[in-house]
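Below are the chains, spelled out letter by letter.
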Amino acid sequence: MNDNVQQLLHSLANSQRYFVHFTRISIFIVMAWIGGLKPFQYEADGIVPFVANSPLMGFFYTKDAPEYQQYKNKEGEVVPKNIAWHQENGTYIFSYALGAVIIAIGLLTLLGIYNAKIGLLGGLLTVGMSVVTLSFLITTPEVYVLDLGGPDHGFPYLSGAGRLVLKDIIMMAAGLVVASDAASRILKESQEAQGVPIPTQQHAGV
C-alpha cells in the first residue's frame, strides 16, 4: 500500500465523527425542504394516495380510498372542483400538520450535533418516519406501474412514486447511524459522570 493511499485511508477513518454530523445535516436538509413544501397545494395533493390507502394514516382524511382518483390534480394544475374535494377531505390541513412534524424531526436530528439526547430522539423519529413511508410499498397501488396494456406492471415494477418511496430505506439507515452515535455519546457521558474508566478507542461522536 503506497503512502498516498494510506494517508487517504487514515484521513477518512479520522473524519468519521464529521461524516456522522454531515449525516445529521443531510437529514435536516431533506426534512426541512420536504416539510416546507407540504403547505403548498401541489405537494398536499400529491401525498393523498399514500395517506388515503394507509391503515396507519388514512383516518386523517374524511373520504375513503380510492375516491381521490376522480379528483387528482397534476403538479402545477388547479382544478376548482378538485380543490374543493381536497378541502372537504382535509387534505390541506393534514399536509400543514405533517410538514410541521417533518421539520421538527429534522431540527431534533440536527441538534444532535450539540446534544446527544435530543439527537437520539431525532434519529429514532427519523427511523420511525421511514418505516411508515416504506409501508406505502405495501399499501399504495400507485407505487407500482399500472396495468395499461404493457407487459411490465405490478410488483416489482416500481413507478416514479415507488422509486421515491424506496429511497427512504437510506433515510432509515441514516437515522439508525445518528441514533447509534447519540446513544454511544450518552453512555460515554454517563460513564464519565460516574468516574468509570473509558477504554481508549476510536469514537464517532464528539
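Calculation notes
- Residues numbered from 1 in each chain as written.
- Predicted model: local features only at pLDDT ≥ 70, side-chain atom pairs only at ≥ 80, totals over all residues.
- Heavy atoms only, no water.
- Core = buried A, V, L, I, M, F, W, Y, C linked by side-chain atoms within 4.5 Å.
- Buried < 20%, exposed > 50% of the residue type's maximum accessible area, 1.4 Å probe, protein only.
- Helix = DSSP H or I, 4+ residues; strand = E, 2+ residues; numbered from the N terminus.
- Contact = heavy atoms within 4.5 Å.
- Salt bridge = Lys/Arg side-chain N within 4 Å of Asp/Glu carboxyl O.
- Phe/Tyr/Trp six-rings, centres within 6.5 Å; stacked < 30°, edge-to-face > 60°.
- Axes fitted to C-alpha atoms, helices over the stretch in contact; angles between N-to-C directions.
- Parallel < 35°, antiparallel > 145°, perpendicular 65-115°, else oblique.
- Left-handed = near helix turned anticlockwise from the far one by under 90°.
- Nonpolar A, V, L, I, M, F, W, Y, C, P; charged D, E, K, R; others polar.

Undergrad: Please explain the nonpolar core as it appears in this structure.
TA: Generally speaking, soluble globular proteins have nonpolar side chains that are buried together. Ile47, Tyr61 and Phe94 are the most contacted members of the largest nonpolar core, which totals 27 residues. Looking at this core, the elements with two or more residues in it are helix 2 (16-37), helix 4 (48-53), helix 6 (91-110), helix 7 (116-134), helix 8 (136-139) and helix 10 (168-193). Beyond its immediate chain neighbours, meaning those up to four positions away, Tyr61 contacts Ile47, Val48, Val51, Ala52, Asn89, Gly90, Thr91 and Phe94.

Undergrad: I would appreciate a short explanation of the pattern of salt bridges in the present structure.
TA: As a working rule, side chains carrying opposite charge can pair if their charged atoms are close by. Using the criterion set out here, one finds 5 salt bridges in the structure. Its salt-bridge partner being Arg185, residue Asp181 comes within 3.5 Å of it at the nearest N-O pair. Of this pair, Asp181 and Arg185 are both found in helix 10, 4 residues apart, which corresponds to roughly one turn of the helix. Three or more residues joined by partner-sharing salt bridges are found here, namely Arg24, Asp181 and Arg185.

Undergrad: Mind showing me how you'd approach the packing of aromatic side chains here?
TA: Each aromatic ring pair is summarised here by two numbers: the centre-to-centre distance and the angle between the ring planes. Applying the stated criterion across every chain yields a total of 6 aromatic pairs. Ring plane angle 70° and centroid distance 5.8 Å describe the contact between Tyr144 and Phe155, whose orientation is recorded as edge-to-face. Of this pair, Tyr144 sits in the loop between helix 8 and helix 9 (160-166) while Phe155 sits in the loop between helix 8 and helix 9; the two residues are 11 residues apart in sequence, bridging distant segments of the chain. Judged by its relative accessible area of 15%, Tyr144 falls in the buried class. Judged by its relative accessible area of 66%, Phe155 is exposed. Aromatic ring contacts, followed pair by pair, group Phe59, Phe60, Tyr61 and Phe94 into a single cluster.

Undergrad: What's the story with the packing of helix 2 against helix 6 in this structure? I'm lost.
TA: Relative placement of two packed helices is described by the angle separating their axes and the distance separating the axes. Running from amino to carboxyl end, helix 2 crosses helix 6 at an angle of 165°, the nearest separation of the two axes being 8 Å. When the axis of helix 2 is compared with that of helix 6, the two are roughly antiparallel. Like other packed secondary-structure pairs, helix 2 and helix 6 cross with a definite hand, here left-handed. Only Gly99, Ile102, Ile103, Ile105, Gly106, Leu107, Thr109 and Leu110 of helix 6 make contact with helix 2, whose side of the interface consists of Arg24, Ile25, Ile27, Phe28, Met31, Ala32, Gly35 and Gly36. Tallied by class, the residues present in the contact of helix 2 with helix 6 amount to 10 nonpolar, 5 polar and 1 charged.

Undergrad: Which parts of the structure should I look at to understand the environment of Tyr114?
TA: In this structure, Tyr114 sits in the loop between helix 6 and helix 7. For Tyr114, a relative accessible area of 68% translates into the label exposed. Along the chain, Tyr114 and Gln6 lie 108 residues apart, while their C-alpha atoms are 31 Å from each other.

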